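Tertiary structure, described
Chain by chain, the residues:
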Amino acid sequence: MTLITSTGAGVLDRIAASRTTSTFRPAGMTAQAASAAARTASTASASSAATRITLEATSDSDLVYAKPKAPGFGPQRFWANARDDRLTEMMTRNSGKDALSLSDRWRGLGGGLLKQLAETGTGYKQTLADYVPAADAAGAVEGTDATATAAAAAALQEQSLGGVSTNAAEVNLKIQTRSGHTVELKIGVNNGDQGGTRGLQVEVKSSGALSSAERQALSALSDGLDQALEGLGEGAPTLDLSGLTGFDRGGVLSGLDLKIENPNAPADVPGRMQAFSLHLGTDTKSVNMRTTSGEMNLEVDATPPKGAANNGQRWSAIDQLLKQIDTAADRGHADAAMTKSFKDAFQQLQAPPVDDAPLNAGSAKNAEPPVAKDDGKPITPTTPTMSDGLRDQVQSLQSGLADFKADFSADSQRTSRIGSIQEAGHADYKISQTTTDRPNTATGGRSVTQSQTEELDAHFEKSRTFTLDRSKGNYDAYTVKDSKTVTTLIDTVKDSVSRAMRKTDEQQLKTYSRIEDFKPTEHNEWPSQRSFTERLR
């Protein structure tokens, strides 16, 4: 038997002290506290009584110490539930090292969750957490107390899974059925940079049992949801809502709301999405988006103009208005990315419905005025109505668009050929359309008024070299302030149009100032104003 006797901090004591400094740091304990605990343990070991260690013992009375084996607490992956289905496979794929953007992390999950509910009729919930300890916290729990070790491991798993929701980018989808049920879908993505745990969290559920038709309708939306998330999750978001706007083709759904919050969007990078919302209902459709450059809002009447402009008229009107937006954006030097998103949203919400799509049930604008009743007997309505032929005549004289109101407000930048910022500014743009239809007591027919208004208020500053530096007080300053109103008036009598005219009022003002040492040394203005009336019939 060989004896090693130590009266101070020998080699084994130094090894033990070294292990102590790398022990696992529980949640809530700071790195400083952990280091202090390690120093205390090292001091205690060094000042302890003489230690007797026996190697190759031959006597039963000799104590033999084996090296403790404790589980490591390095990088680990935790799951909240069993992971043996296609959705957990998607989550694993979307959590790989190459999954960098929100598009990468969302890919296929939204559609997969809708299909899960559609195919099984049951909800689903899962969380994946990728725990990566801080550099000063990695290590192992040393000791022989298996109960304490297991408790620490369980606490770490619970803390990691719970941390996925902290400062996560969240997708929330809510779908209403005409039978009164609510379907809710949630996706949480955490990159681990803002105090939470890197991971994914998904859930889908229904407030009640869904019919076969309702489940089919959910499945039909799966690809459209994935397409929408794919575009919105890119660095510079793009809008592809075409797979969602016809959400009620089966006639069993009454509303859809998609909301996204991204608290991790870098504020110093222009055009990154911070928030997005889409509402599709039987009365209105709307899109709202906020980025690090600005925000846009669009609301459209969900019902097509009554009497119905054919698809050709609608698409022609959409194309004309998109060109109108481009003209205003060019004049005000508006942000190109925001302008594109604004145009995409307008086109997709104004697009005529698919030919085989039924009209949205429950909308008052799709039906004739209700017939009043007295004691169960119908009363002939006093308000004159239009025949189909007359309604088509009236519709052909209008814009062909559903009523809407829309605006965007965004900062803009333009770079020089050497890559520096040469121009910076801001643009506010608004455009809207309203239509009223009321009885005309003088003619015994109807009076229809449609008004479209447009406003642009913009300013931008441009360097006379390659790099804009306002702080030096030398640059060119421009302002643009425009407004336009187009009003269409239509009167009918019996089954014909008696009068139709269109009035246009337009004002434009562009200014230029040459700034030198913070003072304007030159100033020019270009005002323009015109007003005219056209007779349409």
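Residues numbered from 1 in each chain as written. Predicted model: local features only at pLDDT ≥ 70, side-chain atom pairs only at ≥ 80, totals over all residues. Heavy atoms only, no water.

**Quick word on the nonpolar core**
Heads up, the condition is: Definition used in this section: a nonpolar core is a set of buried Ala, Val, Leu, Ile, Met, Phe, Trp, Tyr and Cys residues joined via side-chain atoms within 4.5 Å. Burial classes: relative accessible area under 20% of the type maximum marks a residue as buried, over 50% as exposed, and values in between as partly exposed (1.4 Å probe, protein chains only). Any two residues whose heavy atoms approach within 4.5 Å are treated as being in contact.
Residues W106, I187, L256 and F276 are the most contacted members of the largest nonpolar core, which totals 74 residues. Residues within four places of F276 in sequence aside, it is in contact with L232, L239, L241, L258, K259, I260, V287, N288 and M289. Listed in part, the 8 residues of the second largest apolar core include M386, L397, V448 and V497.

**Thoughts on the confidence of the model for the protein chain**
Note the threshold: Every residue gets a pLDDT, meaning the predictor's confidence in that residue, from 0 to 100.
Counting all residues, the mean pLDDT for the protein chain is 83, and 78% of those residues have values of 70 or more. The low-confidence segment residues 1-71, where pLDDT is below 50, has 66 contacts with residues more than four positions distant or belonging to other chains. In the predicted structure, residues 356-382 sits below a pLDDT of 50 and forms 34 contacts with residues beyond four places in sequence or in another chain.

**Description of the packing of helix α9 (residues 311-332) against helix α10 (residues 336-350)**
Threshold: In this analysis, axes come from line fits to C-alpha atoms, helices being fitted only over the stretch in contact, and the angle between any two N-to-C directions falls in the range 0 to 180 degrees. Elements are defined by DSSP. Helices are runs of H or I of four residues or more, strands are runs of E of two residues or more, and each kind is numbered from the N terminus. Here the angle decides the label: under 35 degrees means roughly parallel, over 145 means roughly antiparallel, 65 to 115 means roughly perpendicular, and every other value means oblique. The crossing is said to be left-handed when, going from far helix to near helix, the turn is anticlockwise and less than a right angle, and right-handed when the turn is clockwise. Residues are grouped as follows: Ala, Val, Leu, Ile, Met, Phe, Trp, Tyr, Cys and Pro are nonpolar; Asp, Glu, Lys and Arg are charged; all remaining types, including Gly, are polar.
Their axes nearest at 10 Å, the elements α9 and α10 cross at an angle of 165°. It follows from the interaxial angle that α9 and α10 lie roughly antiparallel. α10 is crossed by α9, and the crossing has right-handed handedness. Of the residues in α10, those in contact with R314, W315, I318, L321, L322, I325, D326 and A329 of α9 are T339, F342, K343, F346, Q347 and Q350. Here the contact of α9 with α10 is built from residues that sort into 8 nonpolar, 3 polar and 3 charged.

**Digging into the side chain of S412**
Stated precisely, the cut-off is as follows: Counted as a polar contact is a pair of N or O atoms within 3.5 Å, where, for protein atoms, one must be capable of donating a hydrogen and the other of accepting one, and residues adjacent in sequence contribute only when both atoms are in side chains.
Checked against the element boundaries, S412 lands in strand β14 (residues 404-415). In this structure the side chain of S412 is engaged in a polar contact, spanning 3.2 Å, whose partner is the backbone oxygen of H333. Apart from the residues within four sequence positions on either side, S412 is in contact with H333, A334, D335, E423, A424, G425 and H426.

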